[in-house]
Amino acid sequence: MADYGDEPHVLAVDDNLVDRKMIEALLKNSSCKVTTAENGMRALEYLGIRDDQPGESSASATTSKVNLIITDYCMPGMTGFELLKKVKGSSFLKEVPVVIMSSENVPTRINKCLAEGAQMFMLKPLKASDVKKLRCHLMNCRT
């Protein structure tokens, strides 16, 4: 089990500013350190993955900067699903849990994300109870 200390570091990715701010506030209220990104490309930049070389780090990092990535599914340019595939294809990020959020409850989409390695799929808008469940899962349920 990974040791996150007192504050797990979460990368929250959403193109909608209001949703991004709400997720950030909920996570901070749950004692998480939060970094936000407005799209998949910015998230990859932060994580050190170059888009032109899938799965390869532009930095020589051996450990991730974050303990969890939570991303919206529907975003312009790069969907949350595409971001998930890049993260899971990265040698140094593949162990980082990725949670996909969406305001649309589409079973085929949910199953596709879970099959590709998403830790969870959550419906928006997220509530404090969702974040509590997420934090509990992150801290206690990793195998």
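Read on for an overview of the structure. No experiment lies behind these values; they were computed from the predicted model shown.

1. With respect to unusual backbone geometry
At the junction of K124 and P125, the peptide bond is cis and its omega measures out at 0° in the coordinates. In this structure, P125 sits in the loop between β5 (120-123) and α5 (128-140). You will see that S31, though not glycine, has its phi angle at about 60°, which is positive. Turning to its location among the elements, S31 is positioned in the loop between α1 (17-29) and β2 (33-37). Judged by its relative accessible area of 38%, S31 falls in the partly exposed class.

2. A few points about the pattern of salt bridges
One pass over the structure, following the stated rule, counts 9 salt bridges. For K124, the salt bridge goes to D19, with nearest N and O atoms at 3.0 Å. In this pair, K124 sits in the loop between β5 and α5 while D19 sits in helix α1, placing the two residues 105 residues apart along the sequence. Exposure remark for K124: the relative accessible area of 15% places this residue in the buried category. The residue E104 makes a salt bridge to R109 at a minimum N-O spacing of 2.9 Å. On the basis of relative accessible area, E104 is assigned to the partly exposed category, the value being 37%.

3. Focus: the nonpolar core
Across soluble globular proteins, nonpolar side chains have a tendency to be buried as a group. In terms of nonpolar packing, the biggest core is built from 25 residues, with L11, V13, I69, I100 and C113 touching the most fellow members. Elements with a contribution of two residues or more to this core: β1 (9-13), α2 (40-47), α3 (80-88), β4 (98-102) and α4 (107-115). Here this core takes 4 residues from α3, the largest share from any one element. Ignoring any residue separated from it by four or fewer positions in sequence, one finds I69 in contact with L11, V13, L47, V87, V96, P97, V98 and V99. Counting 17 residues, the second largest nonpolar core, distinct from the first, contains I23, L27, L134 and L138.

4. Looking at the pairing of strand β3 (residues 68-72)
Of all 5 residues that make up β3, 5 are buried, and the element is covered over most of its length. Of the two faces of β3, both are covered, the one formed by L68, I70 and D72 as well as the one formed by I69 and T71. Pairing geometry for β1 and β3, over 4 bridges, is parallel. Paired with A12 across the strands is I70, a residue of β3. Strand direction decides the pairing type here: β3 and β4, joined by 4 bridges, are parallel. Across the sheet, T71 pairs through a bridge with I100, a residue of β4. A crossover links β3 with its parallel partner β4, the connecting element being α3, and its sense is right-handed.

Rules used throughout
Residues numbered from 1 in each chain as written. Predicted model: local features only at pLDDT ≥ 70, side-chain atom pairs only at ≥ 80, totals over all residues. Heavy atoms only, no water. Helix = DSSP H or I, 4+ residues; strand = E, 2+ residues; numbered from the N terminus. Buried < 20%, exposed > 50% of the residue type's maximum accessible area, 1.4 Å probe, protein only. Salt bridge = Lys/Arg side-chain N within 4 Å of Asp/Glu carboxyl O. Core = buried A, V, L, I, M, F, W, Y, C linked by side-chain atoms within 4.5 Å. Contact = heavy atoms within 4.5 Å. Pairing = 2+ DSSP bridges. Right-handed = clockwise from strand over helix to strand, strands pointing away.

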